[in-house]
Amino acid sequence: MLAVPLAPAPAQVTRTAYWSRLLPALAALACVTRIPSFVRPLWNPDEGYLAVQARLLAQGGHLYETVVDRKPPLVPWLYEAVFALCGSGSLAPVRVLAVLAQALTAVLLASLARRRWGDTAGRAAGVLYLLVSVGLNPEDAQAATFEVFILPCTAAALWCADRGRWAAAGAAVACAFLAKQTGGAVLLPVAWLLHRAGTPRAGAVRLAAGFALPVGCAALATDPAGFLFWTVTGSAAYASFTGSELHVLGRCLGNTAILAVACAGLLPPVLRTLRTTRAAADLWLWFAASAVAVAAGFHFFGHYYLQLTPPAALLATAALRHLPRERLTAAVLTSAGCCALFLTWGLFAPRPELAHAQRLAAALAQRTAPTDRVLVWGMHPETYWLAGRTPATRYLTAGLLTNYSGGRDGPQVGEAYAVRGAWPVFRAEMAAHAPTLVVDDSRGRPYAPPHIPTLNHLLASRYEEVARVDGAILYARTPRG
């Protein structure tokens, strides 16, 4: 007798139909909101830094030894893997991954909202998130850098914790931390959900194990001491803003205002129903922890603010469910209008620093051979990548050697404020493989060679000026050098 297949349960049919409609829509919206990211070879120096790191790792470099940065290893490894598969001449494949990361974040937020508040809320959360995710200066919102890859990990952590999957939640928190240290802030709302679940001891063990295993593996895969230094203990001077208070405050207020414009459709419903949405304690904790992450280090760069967008979208969704349906329509339309404004900005805004780096890279490539090592003394490591030249030192910017990182304009810039132990290593590298060409791209900033005795002596004794490009000075090694 032939077996007759059972018909799917109504709930299963509803679930399948829901996602079969929503997933393509979110994927399409993610692609639209990331269109500007593909119109330029680079958006900010972080992309350039990661691209140079990935090339050095592919050439046999070792993270936290011959390739260094104050960041965990996940995103450099991601760039390295993409370059291995697709070549290192373009960041377009990495930008595709950034689109996927944004789409995945939207899907996870939609799933969280649907589980709590129903189908309409799920659709609203995914759409609202993607619309506000580009609401920053395009060089912050469109770049494929650390924060973009934090976001799906943080959303996954809440998604797993909401379902009581504590080991998976711990692993997601670990991935967020390994993308960038501030991603670990999502542990706070996860811990709150663990407390609320009523099984803290068993869940805490699984959560801790899920977090410790990926982090421990990453430390062992690199250099445990170097991993600890570069990701945790070696950034004290970087986190101080002494002498730069007004500079930092201005950046904070400016980027906060920009994101507020992008969230113009979300803020009114949240403010109207603030008392009601306090019930979503984990979402408020997520938002507060993300705000602390934005403030950590007192730099307030625009891309730091991306961590605020997932909890903001969920809080707005929670607020809108208490309001008439037309409020949801108004919030989506307002957010769509703001999104269009930021996309237009991304497509047409000039990028003078990129043009400068391209001209400088062309001059550098013209005056050196592909096998030559060079030193670019500045804050734009993308020059190495654009020129296709190998750095003469593991310190890809002057920031690690002077504490200018973060645009410090105060007194704490100079050799005395470098990463601990950096200058002896730099001197050894200059002696072991002196650069064929040195590019002083400081252009009058506080880390210019006249303010840096070691570099000034090196240039005076072994190099001579051969050209100037857009204010940058090129020095070639003399015969006695």
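Bear in mind that the values here come from a model prediction, so they are computed numbers and not experimental data.

Undergrad: What exactly am I supposed to notice about the state of the cysteines here?
TA: Working definition: the covalent bond between the sulfur atoms of two cysteines is a disulfide. Evaluation of the coordinates by the stated rule reveals zero disulfides. Between Cys153, a free cysteine, and Cys175, which holds the nearest cysteine sulfur, the sulfur-to-sulfur gap is 5.1 Å. Take Cys153: its relative accessible area is 15%, and that puts it in the buried class. We note that Cys252 lacks a disulfide partner, and the nearest cysteine sulfur, in Cys263, lies 15 Å from it. Residue Cys252 is classed as buried on the basis of its relative accessible area of 17%.

Undergrad: How do you make sense of the nonpolar core when you look at a structure like this?
TA: Nonpolar side chains in soluble globular proteins tend to end up buried together. Core analysis: the biggest nonpolar cluster contains 150 residues, and Tyr79, Val190 and Leu314 have the highest contact counts within it. If we skip the residues at most four places from it in the chain, Leu314 touches Leu109, Leu112, Ala113, Trp117, Ala125, Leu283 and Trp286.

Undergrad: Would you mind going over the packing of helix H5 (residues 119-132) against helix H16 (residues 309-320) with me for this structure?
TA: Helix-helix packing: each pair is described by the crossing angle between the helix axes and the interaxial distance. Running from N to C, H5 and H16 point in directions that differ by 140°, and their axes come no closer than 9 Å. With respect to their mutual orientation, H5 and H16 come out oblique. For the pair H5 and H16, the crossing hand works out as right-handed. In this structure, H5 contributes Ala121, Ala124, Ala125, Leu128, Tyr129 and Val132 to the contact, and H16 contributes Thr309, Pro310, Ala313, Leu314, Thr317 and Leu320. Looking at the contact of H5 with H16 residue by residue, the classes come out as ten nonpolar, two polar and no charged.

Undergrad: Explain the pairing of strand S5 (residues 472-477) to me, please; I cannot follow it from the model alone.
TA: For a regular strand, side chains alternate in direction, first toward one face of the sheet and then toward the other. Counting buried positions along S5 gives five out of six residues, so the element sits mostly inside the fold. Both strand S3 (residues 437-440) and S5 contribute to a ladder of four bridges, which runs antiparallel. For Val438, the partnering residue across the bridge sits in S5 and is Tyr475. Where strand S4 (residues 463-469) folds back on S5, the antiparallel hairpin that results is connected by two residues, among which Asp470 adopts a positive phi of roughly 55°.

Undergrad: Just checking my understanding: could you explain the environment of Leu104 for this structure?
TA: The topology assignment puts Leu104 in helix H4 (residues 92-117). On the basis of relative accessibility, which here comes to 43%, the residue Leu104 falls in the partly exposed class. Through-space distance from the C-alpha of Leu104 to that of Pro152 is 6.1 Å; in sequence the pair is 48 residues apart.

Undergrad: Would you mind going over H16 with me for this structure?
TA: Owing to its 3.6 residues per turn, the α-helix brings residues three or four apart onto one side. Under the 1.5 Å per step criterion, the end-to-end length of H16 is 16 Å for twelve residues, consistent within 8% with the ideal 16 Å. Within H16, twelve of the twelve residues are buried, which leaves the element mostly enclosed by the surrounding structure.

Undergrad: Would you explain the pairing of S3 in this entry?
TA: On S3, burial covers both faces: Leu437 and Val439 on one face and Val438 and Asp440 on the other are all buried. As judged from the four bridges shared by strand S1 (residues 373-377) and S3, these two strands associate in the parallel manner. Note that in S3 the partner of Val374 across the bridge is Leu437.

Undergrad: Would you explain the packing of aromatic side chains in this entry?
TA: The description of an aromatic ring pair rests on the distance of the ring centres and on the angle between the ring planes. Applying the stated criterion to the full structure yields twelve aromatic pairs. Seen from their ring centres, Tyr64 and Phe227 are 6.0 Å apart, and the 80° between their planes marks the pair as edge-to-face. Note that Tyr64 is positioned in the loop between helix H2 (45-58) and helix H3 (74-86) and Phe227 in helix H11 (residues 224-233), a separation of 163 residues in sequence. In this structure Phe227 comes out as buried when scored by relative accessible area, which is 7%. Every member of this aromatic cluster is reached through a ring pair, and the members are Trp377, Tyr404, Trp423, Phe426 and Tyr447. Over the ring of Phe146 we find Lys71; its NZ or CZ atom is 5.1 Å from the centre of that ring. Between Arg114 and the ring centre of Tyr18, over which it is positioned, the NZ or CZ distance is 3.9 Å.

Definitions and cut-offs
Residues numbered from 1 in each chain as written. Predicted model: local features only at pLDDT ≥ 70, side-chain atom pairs only at ≥ 80, totals over all residues. Heavy atoms only, no water. Disulfide = S-S within 2.5 Å. Buried < 20%, exposed > 50% of the residue type's maximum accessible area, 1.4 Å probe, protein only. Core = buried A, V, L, I, M, F, W, Y, C linked by side-chain atoms within 4.5 Å. Contact = heavy atoms within 4.5 Å. Axes fitted to C-alpha atoms, helices over the stretch in contact; angles between N-to-C directions. Helix = DSSP H or I, 4+ residues; strand = E, 2+ residues; numbered from the N terminus. Parallel < 35°, antiparallel > 145°, perpendicular 65-115°, else oblique. Left-handed = near helix turned anticlockwise from the far one by under 90°. Nonpolar A, V, L, I, M, F, W, Y, C, P; charged D, E, K, R; others polar. Pairing = 2+ DSSP bridges. Expected span 1.5 Å × (residues − 1). Phe/Tyr/Trp six-rings, centres within 6.5 Å; stacked < 30°, edge-to-face > 60°. Lys NZ or Arg CZ within 6 Å of the ring centre and 35° of its normal.

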